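A closer look at the structure
Read off the chains here:
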Amino acid sequence: MKNTGKLAVVFLAMAGFAVDGAFGRGGGGGGGRGGMTGGRGGNTGGFNGNNNNGNYNNNNGNNPNANNQQNQPNTASNAPAVIAARKELAAAQTEAEKAESNLTTITVNLKSAFETSPEFTAAMAAQTQAQGEYDAAVATAKSKLTDNAGYQDSLKRKAKAEKEIDAMHQRGEAPEDVLKVTQQALTAGAEAHRLESEVTSADPKVTSSKAKLVETAGVLSAMRKEFEKSARQNTVWQTAKATLDTARANQQKAQLALNNLLNGGLPPAKPEEKASAN
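Residue indices follow the written sequence of each chain, beginning from 1 at its first position. The model is predicted, so local features are restricted to residues of pLDDT at least 70 and side-chain atom pairs to those at 80 or more, both for listing and for counting; the totals for chains, interfaces and linings are taken over all residues. In computing side-chain values, all of the structure's heavy atoms are included and hydrogens and water are not.

Examining the side chain of S154
Definition in use: A run of H or I in DSSP counts as a helix once it spans at least four residues, and a run of E counts as a strand once it spans at least two, with each numbered from the N terminus. Pairs of residues are marked as contacts when any of their non-hydrogen atoms sit within 4.5 Å.
Tracing the backbone through its elements, the reader meets S154 in helix α4 (residues 149–171). Every residue in contact with S154, bar those within four places of it in the chain, is listed here: A188, E191 and A192.

Written out as structure tokens, the structure is:
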């Protein structure tokens, strides 16, 4: 009967560890009642399982978890601290997500108001017109190369090489052979581009339309930079940004607090918690 009673104590001690779980009842890893480092029947806390007395300490061969390290922090009586830390982190994460969503909404609204303003829409229309005039001038200039034998020959050689490259890929020919034909296509394309540049750069309409295009693009760029600056000076945006910064700081603080608890930084158990654990 004595042996039977001792086996029952061992079984209950092991069951208390297994049922409460590696992550602890009501808490994360390292927390909760009966977690990896404490609890009833554990290696370092609770009855029949501390390091100083009882039948199942780390210096006793009867300890079912004798391989565990000695002097581990007692987390069973401090499980409420871990639970509270997790709740605080979850609340901080929620607040950070809300703050980020709010700032995004404000930014989108400010940008929408800017892009639909008369000034910006007029600048966009001016650039669109300038782009169209430039494209038309370039096309007109290139049309002068229609009867240019060198230009037409370059285009034909480029097209032929590109077609051959596709066929070589389909036949699975050696990469070095494909590279040779690729070089031929690049050479022919460079020759055609050189002739196009010569004829377009000498055309007055191309030159003037390009200058206008560059000017309108510059106006839009300056307006966008001014918007970004003014948006950051907007009091509503600044308030939302400050709220987000605070929420993120609180989230990081809560995460660090939880990490400290899970890494053995639990506060000492209160007397009433020790009494309930024993």
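Quick look at the side chain of D203
Which entries qualify depends on this criterion: For every residue, the accessible area (1.4 Å probe, protein chains only) is compared with the maximum for its type, and the residue is labelled buried under 20%, exposed over 50%, or partly exposed between those bounds.
Following the sequence through the fold, D203 ends up in the loop between α5 (175–201) and α6 (204–233). In this structure D203 comes out as buried when scored by relative accessible area, which is 7%. Those residues in contact with D203 that lie beyond four places of it in its chain are A141 and K144.

Concerning the pattern of salt bridges
Our working rule: Here, a salt bridge means any Lys or Arg side-chain nitrogen found within 4 Å of an Asp or Glu carboxyl oxygen.
Summed over all chains, the structure comprises 11 salt bridges. The shortest N-O distance in the salt bridge between R157 and E191 comes to 2.3 Å. Of the two residues, R157 sits in helix α4 while E191 sits in helix α5, which places them 34 residues apart along the sequence. Taking relative accessible area as the criterion, E191 reaches 27% and is therefore assigned partly exposed. Members of the salt-bridge network, linked through shared partners, are D153, R157 and E191.

Some thoughts on the packing of aromatic side chains
This is how the line gets drawn: Here the aromatic set is Phe, Tyr and Trp, taking the six-membered ring for Trp, and pairing holds for ring centres within 6.5 Å; pairs whose planes are under 30 degrees apart are stacked, those over 60 apart are edge-to-face, and all others are tilted.
Inspection of the entire model under this criterion finds 2 aromatic pairs. Ring geometry for F114 against F120: centres 4.6 Å apart, planes inclined by 50°, an arrangement best described as tilted. With relative accessibility at 5%, the residue F120 sits in the buried group. Relative to F227, the ring of F114 lies with its centre 4.7 Å away and its plane at 10°, an arrangement referred to as stacked. Highlighted residues: F114 in helix α2 (residues 79–115) and F227 in helix α6, separated in sequence by 113 residues. Of the two residues, F114 and F227, neither departs from the other in class, the shared state being buried.

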